[in-house]
Amino acid sequence: MIGAMPETTVAVLGTGIMGLPMAANLAAAGFGVRAWNRTRAKAAPLADRGCTVTDTPQEAVDGADFVLTMLSDGATVHEVVESIEPAGAVWLQMSTVGLDWTERLAALAREKAVPFVDAPVLGTRKPAEDGKLVVLASGPGELRDRCAPVFDAVGARTLWVGETGAASRLKLAANAWVLALTNGTAESIRLAQALGVDPRLFLEAITGGALDVPYAHLKGGAMIDGEYPLAFAARHAAKDARLVLEAAGGEVDLAGTRAALAHLDAAIEAGHGDEDMATLYFGVAKGPEGPSGH
């Protein structure tokens with residue numbers, strides 16, 4: 001950045017489909033941003049967005065006020081943070097990692113004497129790019145004011161929900177809904193096709209009423225058109241579905257999540273793992289519309 005370095009520095013570890021726009025928005029908000037990604041080329045565009053791209057995670061966190069992790073899964077977050085010394089920073093753990101890994105990461109934070117905030121987000125690529133994510137935060141109450149400017153830079157609003165781990169529990173409940181909604185949309189689209197009905201009429205039928213959900217039009221339109229702009233990869237959605245089912249254990253029958261996972265796994269097996277999660281349609285469809293023929 002031109003001129004004096006900003007007073008507050010955020011180290012962003014993980015610059016994938018979510019982390020990269022979050023880092024860019026932090027820089028645009030006036031933070032000093034150091035970004036690191038295992039595949040450096042994925043972080044490279046941030047050099048033109050006011051960020052410093054580093055070769056190692058330790059370079060990113062040296063002297064940082066905040067360490068923000070947005071990595072693929074709990075094991076990766078643990079491996080990366082275990083390798084660094086983020087002394088003096090607040091750790092904002094914003095990846096979706098489930099209950100067990102949240103506990104393990106909180107324990108790692110205690111070992112390193114680093115304040116820890118469990119803060120997964122609701123939203124995919126476009127909300128991340130627009131700075132319109134919903135941040136679900138949980139952790140020490142005394143950190144709320146300190147974290148607020150960071151969360152405000154990446155999100156439209158922040159919902160504090162209690163002690164460490166509460167945010168990850170809420171995120172899993174929200175993910176169960178997203179998975180079921182995406183899968184239900186795919187099933188209705190495919191059923192309409194099988195019945196000889198224009199599937200766009202299904203979307204028209206729900207428009208404006210109590211059943212209407214903008215997300216159904218977004219994903220349903222992609223399924224009908226056979227075009228799947230990447231907002232959240234199918235393989236990551238499958239990971240999240242497994243976290244939801246693991247958390248539920250034997251207490252809740254999450255048939256919708258199980259169906260979504262089965263269809264996601266079929267889509268991934270058919271080669272759609274790095275495409276948008278709406279490709280679970282390929283797991284729903286059979287015959288010429290299915291994985292081998294669409």
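Each value, and the rule that gives it
- Residues numbered from 1 in each chain as written.
- Predicted model: local features only at pLDDT ≥ 70, side-chain atom pairs only at ≥ 80, totals over all residues.
- Heavy atoms only, no water.
- UniProt positions renumbered as here; feature names shortened; annotations may be inferred.
- Patch = residues over 30% accessible without salt bridge, like charges linked within 9 Å, V, L, I, M, F, W, Y side chains within 5 Å.
- Areas by Shrake-Rupley, 256 points an atom, 1.4 Å probe, with all protein chains shown as cover.
- Salt bridge = Lys/Arg side-chain N within 4 Å of Asp/Glu carboxyl O.
- Helix = DSSP H or I, 4+ residues; strand = E, 2+ residues; numbered from the N terminus.
- Buried < 20%, exposed > 50% of the residue type's maximum accessible area, 1.4 Å probe, protein only.
- Pairing = 2+ DSSP bridges.
- Right-handed = clockwise from strand over helix to strand, strands pointing away.
- Core = buried A, V, L, I, M, F, W, Y, C linked by side-chain atoms within 4.5 Å.
- Contact = heavy atoms within 4.5 Å.

- An unreviewed UniProt entry annotates the protein chain as NAD(P)-dependent oxidoreductase originating from Amycolatopsis tucumanensis.
- Listed under Sequence similarities (unreviewed entry) in UniProt, the entry text for the protein chain is "Belongs to the HIBADH-related family."

1. Focus on a nonpolar patch on the surface
Turning to step 1, where the next piece is worked out: On the surface, Leu191, Leu195, Val197 and Leu201 cluster together to form a nonpolar patch covering roughly 380 Å² of accessible area.
Turning to step 2, where the next piece is worked out: Tracing the chain through its elements places Leu195 in the loop between α8 (166-194) and α9 (199-206).
Turning to step 3, where the next piece is worked out: For Leu195, a relative accessible area of 60% translates into the label exposed.

2. Brief notes about the environment of Glu227
Turning to step 1, where the next piece is worked out: One can find Glu227 in the loop between α10 (214-225) and α11 (234-248).
Turning to step 2, where the next piece is worked out: By relative accessible area, Glu227 is classed as exposed at 54%.
Turning to step 3, where the next piece is worked out: Residues Glu227 and Thr279, 52 residues apart in the sequence, show an inter-C-alpha distance of 9.1 Å.

3. Focus on the pairing of strand β4 (residues 66-69)
Turning to step 1, where the next piece is worked out: The alternating pattern of β4 places Phe66 and Leu68 and Val67 and Thr69 on opposite faces, both of which are buried.
Turning to step 2, where the next piece is worked out: Two elements, strand β1 (residues 9-13) and β4, share four bridges in a ladder whose sense is parallel. Counterpart to Leu13 in the pairing with β4 is Thr69.
Turning to step 3, where the next piece is worked out: After leaving β4, the chain enters helix α4 (residues 74-82) and then returns to the sheet as strand β5 (residues 90-93), a path that is right-handed.

4. Here we look at the nonpolar core
Turning to step 1, where the next piece is worked out: Judged by nonpolar contacts, the single largest core of 36 residues is most densely connected at Leu26, Leu92, Met94, Val117, Cys147 and Phe151.
Turning to step 2, where the next piece is worked out: Secondary-structure elements contributing two or more residues to this core are β1, α1 (19-28), β2 (32-36), β3 (51-53), β4, β5, β8 (133-137) and α7 (144-154).
Turning to step 3, where the next piece is worked out: Among the elements that take part in this core, α1 stands out by supplying six residues, more than any other.
Turning to step 4, where the next piece is worked out: Residues in contact with Cys147, not counting those within four places in the same chain, are Phe66, Val90, Leu92, Val117 and Trp160.
Turning to step 5, where the next piece is worked out: One finds Leu179, Ile189, Ile206 and Ala216 within the second-largest nonpolar core, a separate group that totals 28 residues.

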